[in-house]
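# Descriptive structure summary
The residues making up each chain are set out below.
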Amino acid sequence: MVAAILPLAEPAQAAATRYEAESATISGGAVESNHTGFTGTGFVNYDNATGSYVEWTVNAATAGTATIGLRFANGTTTDRPMDVSVNGTAVATSLSFPGTGNWDTWQTKTITAAVNAGTNRIRAVATTVNGGPNVDRRDVDVAPPTSDYQAENATVSQGAVESNHTGFTGTGFVNYDNIVGSYVEWSIPAATAGNVSVAIRYANGVANGASVDRPMDVTVNGTLVRSALSFPSTGNWDTWQTVTLTVGLSAGTNRIRAIATTANGGPNVDRLSTGVPGDTAPPTAPGQPACGTITENSINLSWGASTDNVGVVAYDMAVAPYEYFGWGNPQSPTSVMSATGIKFFTLAFMLSDGGCNPGIKTFVTFGTTPTGPDSDGVDLINKGAAAGLNNDGWTIMPFDFGGHSGTMGAASVSAADGLKNAVKNAYGYSDAVAYTRIGISSMNGKTDETDETVTLADFQTILAYAQQHHLARLTFWSVNRDRACGSGGRWTSPSTARWSPAHCPSPVPATGTPGRPRRSRQR
């Protein structure tokens, strides 16, 4: 079984909380679902009237600056501006919501505003007789008070504290030695476990007329969380910029280390800050992959780059449900795309014709128990590792358990954790790496077992787990499964049914700054 995994841009990670428009207070509008691409159960279609609005109730643990993203569609060529207020105070007047091309194409408008600790009311009010655009959701990331940790007070290995350039904060900065493995390590306290946005302030000037990248690996408590993070040129050593990323911290003291990965060492580093604002604007879609050189064990792919207001640092997989081309005259791919809005599929039983199949990856897929692979599955993984098998991942089908407790979502997560442990033990991976070599191939709706139904809520549990751990693959059987049967059949035709979980969002991509030419210097 071969999965066709197409690229998704991986933007700056945000620790945003999602508030669906259909669950908000609506005045002069209606909840609808007659267009594709929305999240949740629908979107709000504003009445064509001045003053129509949607108001969200947003909770903030602490007072701070909120990054607020409003996802909208505007199928006309006429701007539909709105006033945005927080707790009755205008924070953006006549904010532009221009045409997005059609009603199935969604964009995100992002602003920042101060919020109070506790409950806040965020209202978007139409300012013209055309009303507002269709509104899908509001993403809110409240940044707690920023804490700065100076590099000169951190643990420094193969580097020196200096102050011979201007613009730094504190008493100086760290000049990394020009060597692989030089690092700065900060001790960061956290009252509770969770994701935190951090920013590393740095300068990267020019030496001997040359300009190079000075990428660094970032680890948290010894676990790699970002590989070869870009630190591009800032023009000169007196100009400082920040690179922002999101990391997971444990309750208590955490060690965040930034390690040079090239012989040029790292940039000059001023400080690390926690609690910086996140990113709620998604990147643009990448271009269609094109195939280059093919060898016996490699393929060269290229595609048009995505863009993002913060930056694109990687490309991840899409949630690609199976599309089956077998019995019963299944729908064509174009029909499925039109009915669901899904653009990425796993093709069951697809064989190569010897030509170029851009984006093809291979996964070994098998059944599982609610706690992970059975002895045969574990034996298969162990034999693969012993033989040097370097497939793209190992995938379980978490259904047809023959008995389970709890929800199908919880059972699927438990089974995936068991698979992760088996792959980790067989290949000697860390937990973080093992997660990136496993996948889940779930079922859409009822399975062969009378006590098993994979609901939309179950799929959302599975999706959140896949996003959290950056799984290599997530799919389900199958997007064109629910079709009209003969007399007595129980499945409904896709022409009249909303397919779930086809409307679930794809995994949200990871953060950073865009790759740019970077410049080097010698100490």
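Note that the structure is predicted; figures quoted are calculated from it, not measured. (Residues numbered from 1 in each chain as written. Predicted model: local features only at pLDDT ≥ 70, side-chain atom pairs only at ≥ 80, totals over all residues. Heavy atoms only, no water.)

### Observations regarding the sheet that holds strand E4 (residues 25–27)
Heads up, the condition is: The criterion for strand pairing is that DSSP finds at least two bridges linking the strands in question. Secondary structure elements follow DSSP: runs of H or I no shorter than four residues count as helices, runs of E no shorter than two count as strands, and numbering proceeds from the N terminus. Interaxial angles span 0 to 180 degrees and are taken between N-to-C directions of axes, which are lines fitted to C-alpha atoms, for helices over the stretch in contact.
In spatial order, the strands read E4-E7-E12-E9-E10; together these five strands make up an open sheet with antiparallel pairing. Of all strands in the sheet, those bounded by a partner on one side alone are E4 and strand E10 (89–95). Pairs of neighbouring strands in the sheet enclose a mean axial angle of 15°, with direction left out of account. Judged from the four bridges that link them, strand E9 (residues 82–86) and E10 form a sheet pairing that is antiparallel. When the bridges of E10 are listed, Val84 appears paired with Ala92.

### Notes on the packing of helix H2 (residues 375–386) against helix H3 (residues 408–427)
Threshold: Angles below 35 degrees are treated as roughly parallel, those above 145 as roughly antiparallel, those between 65 and 115 as roughly perpendicular, and all remaining angles as oblique. Should the near helix be turned counterclockwise from the far one by less than a right angle, the crossing is left-handed, whereas a clockwise turn marks it as right-handed. Note on contacts: a residue pair is in contact if any heavy atoms of the two residues lie within 4.5 Å. Under the scheme applied here, ten amino acids are nonpolar (Ala, Val, Leu, Ile, Met, Phe, Trp, Tyr, Cys and Pro), four are charged (Asp, Glu, Lys and Arg), and all others, including Gly, are polar.
Running from N to C, H2 and H3 point in directions that differ by 30°, and their axes come no closer than 9 Å. With respect to H3, the element H2 is oriented roughly parallel. The chirality of how H2 crosses H3 is right-handed. For the pair formed by H2 and H3, the contact residues are Val378, Ile381, Asn382, Gly384 and Ala385 on the first element and Leu419, Ala422, Val423, Ala426 and Tyr427 on the second. The residue inventory of the contact of H2 with H3, partitioned by class, reads eight nonpolar, two polar and no charged.

### Notes on the environment of Gly388
We apply this condition: Partly exposed describes any residue whose relative accessible area lies between the buried limit of under 20% and the exposed limit of over 50%, with all areas from a 1.4 Å probe on protein chains only and scaled to the type maximum.
As for its placement among the helices and strands, Gly388 is situated in the loop between H2 and strand E31 (393–397). Of the residues examined, Gly388 reaches a relative accessible area of 56% and is grouped as exposed. Sequence separation between Gly388 and Tyr427 is 39 residues; the distance between their C-alpha atoms is 9.3 Å.

### Regarding the packing of H3 against helix H5 (residues 456–469)
Where H3 meets H5, the closest approach of the two axes is 7 Å, and the angle between their N-to-C directions is 30°. As far as their axial angle goes, H5 and H3 are roughly parallel. In this structure, the crossing between H3 and H5 has a hand that is right-handed. Contact with H3, carried on its side by Met408, Gly409, Ser412, Val413, Ala416 and Asp417, involves Asp458, Thr461, Ile462 and Tyr465 of H5 and no other residues of that element. Residues belonging to the contact of H3 with H5 are distributed by class as follows: five nonpolar, three polar and two charged.

### Points about the nonpolar core
Selection rule: The nonpolar core is taken to be a set of buried Ala, Val, Leu, Ile, Met, Phe, Trp, Tyr and Cys residues, with the residues joined through side-chain atoms within 4.5 Å.
With 27 residues, the main nonpolar core has Tyr46, Trp56, Ile68 and Leu70 as its most contacted residues. Among the secondary structure elements, those contributing two or more residues to this core are strand E6 (43–46), strand E7 (53–60), strand E8 (64–73), E9, E10, strand E11 (107–115), strand E12 (118–126) and strand E13 (134–143). Formed by 25 residues, the second largest nonpolar core is a distinct cluster that contains Ala190, Ile200, Phe231 and Val243.

### Details of H5
Operational definition: A helix is expected to span 1.5 Å for every residue after the first. Throughout, the arc means the angular range of directions from the helix axis out to the C-beta atoms.
Helix length check: H5, at 14 residues, gives a terminal C-alpha distance of 20 Å against a target of 20 Å (1.5 Å per residue), a fit within 8%. Of the positions making up H5, those classed as buried are Asp458, Phe459, Ile462, Leu463, Tyr465, Ala466 and His469. Projected down its long axis, H5 shows its buried positions confined to an angular sector of 160°, all on one face. Elements that come into contact with the buried residues of H5 comprise H3, helix H4 (431–435), strand E32 (438–443), strand E34 (453–454) and strand E35 (473–477). After H5 finishes, the residue His470 shows a positive phi value of roughly 55°.

### Here we look at the confidence of the model for the protein chain
To keep things clear, this is the line we draw: Confidence per residue, as judged by the predictor, is encoded in pLDDT with a range of 0 to 100.
Chain-level pLDDT for the protein chain is 79 on average; 72% of the residues reach the 70-or-more range. Across residues 1–15, where pLDDT falls below 50, the model places 85 contacts with residues more than four positions away in sequence or in other chains.

### Here we look at H3
In this model, H3 (20 residues) spans 28 Å end to end at C-alpha, consistent with the 28 Å of a helix rising 1.5 Å per residue. Of the residues making up H3, those classed as buried are Met408, Gly409, Ala411, Ser412, Val413, Ala415, Ala416, Gly418, Leu419, Lys420, Ala422 and Val423. Backbone geometry just downstream of H3 places Gly428 in the positive-phi region, at approximately 75°.

### Comments concerning the pattern of salt bridges
Our working definition: For salt bridges, the criterion is a side-chain nitrogen of Lys or Arg within 4 Å of an Asp or Glu carboxyl oxygen.
Scanning the model with the defined rule gives 13 salt bridges in all. When the shortest N-O distance is used, the salt bridge between Glu185 and Arg257 registers 2.7 Å. On the criterion of sequence distance, the pair formed by Glu185 in strand E18 (residues 183–190) and Arg257 in strand E23 (residues 252–260) is long-range, its members being 72 residues apart. On the basis of relative accessibility, which here comes to 11%, the residue Glu185 falls in the buried class. A salt bridge links Asp270 to Arg201, with the shortest nitrogen-to-oxygen separation between them at 2.7 Å. Separated by 69 residues along the polypeptide, Asp270 in strand E24 (residues 268–274) and Arg201 in strand E19 (residues 194–203) bring together distant segments of the chain. Of the two residues examined, Asp270 and Arg201, each falls in the buried class.

### Concerning the packing of aromatic side chains
Stated precisely, the cut-off is as follows: For this analysis, a ring pair means two rings from Phe, Tyr or Trp (six-membered ring only for Trp) whose centres lie within 6.5 Å, classed as stacked if their planes differ by under 30 degrees, edge-to-face if by over 60, and tilted for the remaining angles. For a Lys NZ or an Arg CZ to count as sitting over a ring, it must be within 6 Å of the ring centre and within 35 degrees of the ring normal.
Counting across every chain of the model gives 10 aromatic pairs. Taking the centre distance of 5.2 Å and the plane angle of 5° together, the rings of Tyr427 and Tyr429 count as stacked. Within the aromatic cluster, the residues linked to one another by ring pairs are Phe38, Phe43 and Trp106. Between the NZ or CZ atom of Arg123 and the centre of the ring of Tyr53, over which it lies, the distance is 3.8 Å. A cation over a ring is seen here: Arg257 above Tyr183, with NZ or CZ 3.7 Å from the ring centre.

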